[in-house]
Amino acid sequence: MTSKARAARREGPRIRREKVTVAHMILVYCRGMHQEAEKRNSIGGEIQSSRPLLCDECYALYEYSQKRLTYCRFGEEKTTCANCPVHCYAPQEREEIKQVMRYAGARMLFKHPWLAFRHLLDGRHRNSS
Ligand code: SF4
Ligand SMILES: [Zn+2]
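Along each chain, residue indices are assigned from 1 in the same order as the chain's sequence is written. Lettering for chains starts from A, numbering for ligands starts from 1, and both go in the order in which the items are written. Local features in this predicted model are restricted to residues whose pLDDT is 70 or higher, and side-chain atom pairs enter the listing and the counts only when it is 80 or higher, whereas totals over whole chains, interfaces and linings include all residues.

Concerning the environment of Cys 58
Part 1 of the reasoning: Strands here are runs of E lasting at least two residues and helices are runs of H or I lasting at least four, both read from the DSSP assignment and numbered beginning at the N terminus. One can find Cys 58 in helix α3 (residues 56-70).
Part 2 of the reasoning: The exposure scheme places C-beta atoms from the backbone and then counts, for each residue, the other C-beta atoms within 10 Å of its own, assigning buried at 20 or more, exposed at 12 or fewer, and partly exposed in between. On the basis of neighbour counts, which here come to 23 C-beta atoms within 10 Å, the residue Cys 58 falls in the buried class.
Part 3 of the reasoning: The spacing of Cys 58 and Ile 26 is 32 residues in sequence and 6.7 Å in space, taken between C-alpha atoms.
Part 4 of the reasoning: Residue pairs qualify as contacts under a 7 Å threshold applied to their C-beta atoms, which are placed from the backbone. In contact with Cys 58, not counting residues within four places along its chain, are Ile 26, Tyr 29, Cys 30 and His 34.

If you want it as structure tokens, here you go:
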């Protein structure tokens, strides 16, 4: 079995929920901050939205963040990435995702209150592996 297949098998509801939350956050950010950019990358498989399209830049960050979650060393026992003491992101992507969270964090409360609430609770969990 490949490492990717092994990681996918390990993936439980906690990781899947964070993947969906992060995907929504990036979509909110892209819609708000990159209004003029061409949106040609669909993330429709990950989230439910009428037009789940991202610009190239946001799509690269989306793919990166999903991959980090797939291979997260804490798996189902993780806290949110924002609260993680390890933070496995490379410096540039880390800065980008911080910007996304800063912009999308409060907006998520109105657009996806349940996901935002769960994210808040997940953030109170401490990493253990
Ligand atoms: S930042 Fe921390 S919690 Fe998020 S994927 Fe990386 S190791 Fe896991
Ligand atoms: Zn964008």
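Regarding the site of ligand 1
Part 1 of the reasoning: In this text, near has one meaning. A residue is near a molecule or strand if its C-beta atom, placed using the backbone, is within 6 Å of it. Taken together, Arg 68, Leu 69, Cys 72, Arg 73, Phe 74, Lys 78, Cys 81, Cys 84, Val 86, His 87 and Cys 88 are the residues near ligand 1.
Part 2 of the reasoning: Gly is put with the polar residues, along with every residue not named as nonpolar or charged; the nonpolar set is Ala, Val, Leu, Ile, Met, Phe, Trp, Tyr, Cys and Pro, and the charged set is Asp, Glu, Lys and Arg. Residues of the shell around ligand 1, tallied by class, amount to seven nonpolar, one polar and three charged.

Focus: the packing of α3 against helix α4 (residues 91-111)
Part 1 of the reasoning: Running from amino to carboxyl end, α3 crosses α4 at an angle of 105 degrees, the nearest separation of the two axes being 11 Å. In terms of orientation, α3 lies roughly perpendicular with respect to α4. The segment α3 lies against α4, with Leu 61, Tyr 64 and Ser 65 engaging Glu 93, Glu 96 and Ile 97.
Part 2 of the reasoning: Its residues assigned to classes, the contact of α3 with α4 shows three nonpolar, one polar and two charged. Helix axes use the C-alpha atoms of the stretch in contact, all axes being lines fitted to C-alpha atoms, and the angles between their N-to-C directions lie in the range 0 to 180 degrees. Small angles under 35 degrees read as roughly parallel and large ones over 145 as roughly antiparallel, with 65 to 115 read as roughly perpendicular and the rest as oblique.

Re α4
Part 1 of the reasoning: Take the residue count of a helix, subtract one, and multiply by 1.5 Å to get its expected span. Compared with the 30 Å implied by 1.5 Å per residue over 21 residues, the 29 Å span of α4 between its first and last C-alpha is a close match.
Part 2 of the reasoning: The sharpest bend along α4 reaches about 40 degrees and sits at Ala 104.
Part 3 of the reasoning: Turning to α4, its buried residues are Glu 96, Ile 97, Val 100, Ala 104 and Met 108.
Part 4 of the reasoning: Along its buried surface, α4 packs onto α2 (13-33), α3 and α5 (113-123). To obtain the bend at a residue, axes are fitted to the seven residues ending there and to the seven starting there, and the angle between these axes is taken.

A word on the nonpolar core
Part 1 of the reasoning: Met 25, Ile 26, Leu 27, Tyr 29, Leu 54, Cys 58 and Tyr 62 are the most contacted members of the largest nonpolar core, which totals 17 residues.
Part 2 of the reasoning: Elements with a contribution of two residues or more to this core: α2, α3 and α4.
Part 3 of the reasoning: No other element matches α2, which puts eight residues into this core.
Part 4 of the reasoning: For Ile 26, the contacting residues outside a window of four places in its chain are Leu 54, Cys 58, Leu 61, Tyr 62 and Val 100. In this description, a nonpolar core means buried residues of the types Ala, Val, Leu, Ile, Met, Phe, Trp, Tyr and Cys, linked to one another by C-beta atoms lying within 7 Å.

The values reported here are purely geometric and, on their own, carry no functional implication.
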